[in-house]
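Report on the structure
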Amino acid sequence: MDEGDIAIMLGSQLIQTILNSAPFDEIKDLVKKTGAPVWYQDEVEGMSPLHAAAYVRRPDVAKFLIQEGAVWNAVDNLKNTAGDIALSFNDEETYTLIRDAGIRSEMLLGILASQNKPQPDSSSDPLDTSTSNVVQHTDDTAAGSTSAFLDSKLVYTVDEHGQSICKVKVKAQVPKLIIGEDGSEEKEEEIGTGIMKETVRKLTEGHPNEKEGLKVLNVGFGLGIIDTLFESLPTPPSQHVIIEPHPDVLAHMRATGWYDRPNVTILEGKWQDFVGPTSNHKSLEFGGFDVVYTDTFSEDYSALKEFFEQLPDILDGPGARFGFFNGLGATNALFYDVYTHISELHLADIGLDVEWSDVDVSTDDGEDRWGQSREYFNLPIYRLPVARMRDMSL
Ligand SMILES: C[S@@+](CC[C@H](N)C(=O)[O-])C[C@H]1O[C@@H](n2cnc3c(N)ncnc32)[C@H](O)[C@@H]1O
């Protein structure tokens, strides 16, 4: 028997022992004394010892396995993590242990990645650096890579329900749906529009400058759902800046009159061109926004975190509000929870407190915001963030 066979045998034995609800010391000895690998996943189901601990609702075993290096985000062959299994049993203690292991691990990876981060003048594309292993896998499609997306051809059209959609042409020249709808009446409750409506409400309602017109920055026009909602406020924004890099989106904006709207300024390029360390538009007078929102399809969490870091410079102090499309990790309840917590921690680090609201998106009729090209959001609840600068004078 070679080393691999021994690891398989011991790994299987560890899973079986956990599933048999063996005493803690027996499980511990198998790992510590016999050397059973905690990272093992069986071939038939993809089950790991951590999955097994979740199945038999053993937080003591889960805690031990995590301490010994169990992989918190390993998915079985049905794409469930151990955390999903704990959640399905309503086993909050085991679920929280696994989720917190995920948060620790992702935070640590984030710190390591930022220490190794290329400098702004580096030739590599900062958007393509990833700090995360939560949903990170090689994905060179337009959905998963910023550069592939920005190079792809977009077509604005109307679907069979009369709703505006945007398609991206992929290599095989098969158009795929990527961006949601425009809020025609009968589609009002669909996921993208519903979320954007609630986002605009939370970002603007009761804002001290609401009545005189807010100064708004939106990053990523897409179908213009959120920008249209901002423009439809009882008092439209006094200044409405939109940052958008995709040439086809810009052409669509031009054709639909966005360039001619009073108080609307369109900045052609990526947000990185206008704010932060890679910005080469130092002359632009940025900052002082009452409301900032970002939703940049195909960028990853490291880019979002980088955007967070620019907020103190662009928000107009404590009264100002910030929102972002909270869709990362949303193919899986555990990953979504981990990302939600990590973004809250990172925002807190830079002095912003987040309030989360739950938006029920379970009633959508199966057509999601991003369509069929990748499963983006298949959770019943969207966690909507609104962050505000902490008032340091208090
Ligand atoms: C999902 S859409 C935004 C949808 C929008 N929230 C709405 O309500 O219709 C994402 C947009 O972000 C743009 N985008 C991608 N990367 C960007 C970047 N680095 N800076 C600014 N915009 C970006 C894309 O071209 C696309 O138009």
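Residues numbered from 1 in each chain as written. Predicted model: local features only at pLDDT ≥ 70, side-chain atom pairs only at ≥ 80, totals over all residues. Heavy atoms only, no water.

An unreviewed UniProt entry annotates the chain as Arginine methyl transferase originating from Coprinellus micaceus.

Points about the overall build of the chain
Broken down by element type, the chain carries 13 helices and ten strands. Of all 394 residues assigned to the chain, the portion counted as buried reaches 50%. Sequence separation of at least 24 residues holds for 69% of the intrachain contacts in the chain that already meet a minimum separation of 6. Taken as a whole, the chain presents about 18,600 Å² of accessible surface, with 50% of it coming from carbon and sulfur. (Helix = DSSP H or I, 4+ residues; strand = E, 2+ residues; numbered from the N terminus. Buried < 20%, exposed > 50% of the residue type's maximum accessible area, 1.4 Å probe, protein only. Contact = heavy atoms within 4.5 Å. Areas by Shrake-Rupley, 256 points an atom, 1.4 Å probe, with all protein chains shown as cover.)

With respect to the pairing of strand E6 (residues 264-268)
Judged from the five bridges that link them, strand E5 (residues 239-244) and E6 form a sheet pairing that is parallel. Bridging across to E6, Glu-244 finds its partner in Glu-268. Each parallel crossover has a hand, and for E5 linked through helix H10 (residues 247-255) to E6 it is right-handed. (Pairing = 2+ DSSP bridges. Right-handed = clockwise from strand over helix to strand, strands pointing away.)

Some details on the pattern of salt bridges
Under the definition given, this model contains twelve salt bridges. Where Arg-201 meets Glu-198, a salt bridge forms, and the shortest distance between an N and an O atom there is 2.8 Å. With Arg-201 and Glu-198 both in helix H8 (residues 191-204), this residue pair falls three residues apart, about one helical turn. The exposure class of Glu-198 is partly exposed, given its relative accessible area of 22%. (Salt bridge = Lys/Arg side-chain N within 4 Å of Asp/Glu carboxyl O.)

Quick notes on the site of the ligand
The environment of the ligand is made up of 24 residues, and the closest members are Gly-222, Ile-226, Glu-244, Trp-271 and Asp-295. At 2.6 Å, a side-chain N or O of Glu-244 approaches an oxygen atom of the ligand. Bound to the protein, the ligand loses 100% of the 600 Å² it would expose on its own. Among the secondary structure elements, those contributing two or more residues to the shell around the ligand are helix H9 (225-231), E5 and helix H11 (271-274). (Near = heavy atom within 4 Å. Polar contact = N/O pair within 3.5 Å; in protein donor to acceptor, adjacent residues only side chain to side chain.)

Considering the side chain of Glu-244
Counting through the fold element by element, Glu-244 comes out in strand E5. Given the relative accessible area of 5%, Glu-244 is considered buried. Among the polar contacts made by the side chain of Glu-244, one reaches the main-chain amide nitrogen of Phe-221 at a distance of 2.9 Å. Leaving out residues up to four positions away in the same chain, Glu-244 has contacts with Gly-220, Phe-221, Gly-222, Val-249, Leu-250, Met-253, Leu-267, Glu-268 and Gly-269.

Some remarks on helix H2 (residues 24-32)
Inspection of H2 places Ile-27, Leu-30 and Val-31 among the buried residues, and these make up the whole buried set. On an axial view of H2, the arc spanned by its buried residues comes to 95°, and they lie on one face. Looking at the buried side of H2, the elements it contacts are helix H1 (3-19) and helix H4 (59-67). (Arc of directions from axis to C-beta.)

Comments concerning the pairing of E5
Within E5, five of the six residues are buried, which leaves it mostly tucked inside the rest of the structure. Regarding topology, H9 serves as the crossover connection from strand E4 (residues 215-219) to the parallel E5, and that connection is right-handed.

Here's the deal with the environment of Ser-357
Relative to the helices and strands, Ser-357 is located in strand E9 (residues 352-360). On the accessibility criterion, Ser-357 (16% relative accessible area) is buried. If we ignore the near neighbours within four places in the chain, the residues touching Ser-357 are Lys-202, Tyr-382, Arg-383 and Leu-384.

Concerning the confidence of the model for the chain
Residues of the chain with pLDDT of at least 70 account for 80%, and the chain-wide mean is 83. This model gives residues 170-190 a pLDDT under 50, and the stretch forms 58 contacts once residues within four places in sequence are excluded. pLDDT under 50 marks residues 365-375. Its contacts with residues more than four places away, or in other chains, come to 35 contacts. (pLDDT = per-residue confidence, 0-100.)

Side note on a nonpolar patch on the surface
A cluster of nonpolar side chains, namely Met-1, Ile-6 and Met-9, defines an oily patch on the protein surface of about 320 Å² accessible area. Along the chain, Met-1 turns up in the segment before H1. (Patch = residues over 30% accessible without salt bridge, like charges linked within 9 Å, V, L, I, M, F, W, Y side chains within 5 Å.)

Section: the packing of H1 against H2
One way to put it is that H1 packs onto H2 with a least axis distance of 10 Å and a crossing angle of 170°. Judged by the inter-axis angle, H1 sits roughly antiparallel to H2. Residues Gln-13, Leu-14, Thr-17 and Ile-18 of H1 lie in contact with H2, whose contacting residues are Glu-26, Ile-27, Leu-30 and Val-31. (Axes fitted to C-alpha atoms, helices over the stretch in contact; angles between N-to-C directions. Parallel < 35°, antiparallel > 145°, perpendicular 65-115°, else oblique.)

Quick look at the nonpolar core
Formed by 62 residues in total, the largest nonpolar core has its most connected members in Leu-14, Leu-65, Val-292, Phe-307, Leu-311, Phe-322 and Leu-347. When residues of this core are sorted by domain, at least three fall in each of domain 1 (3-98) and domain 2 (188-389). The contacts of Leu-65, once residues within four sequence positions are left out, are Leu-14, Ile-18, Val-38, Pro-49, Leu-50, Ala-53 and Ala-70. With 35 residues, the next largest nonpolar core counts Phe-149, Val-216, Ile-225 and Ile-226 among its residues. (Core = buried A, V, L, I, M, F, W, Y, C linked by side-chain atoms within 4.5 Å. Domains from an automatic or database assignment.)

Some points on unusual backbone geometry
Located in the positive-phi region is Ser-21, a residue other than glycine, with phi close to 55°. Considering the arrangement of structural elements, one finds Ser-21 in the loop between H1 and H2. If you check the backbone angles, Lys-79 has positive phi at about 70° while not being a glycine. Residue placement: Lys-79 occurs in the loop between H4 and helix H5 (82-88). Overall, Lys-79 belongs to the exposed group, its relative accessible area being 64%.

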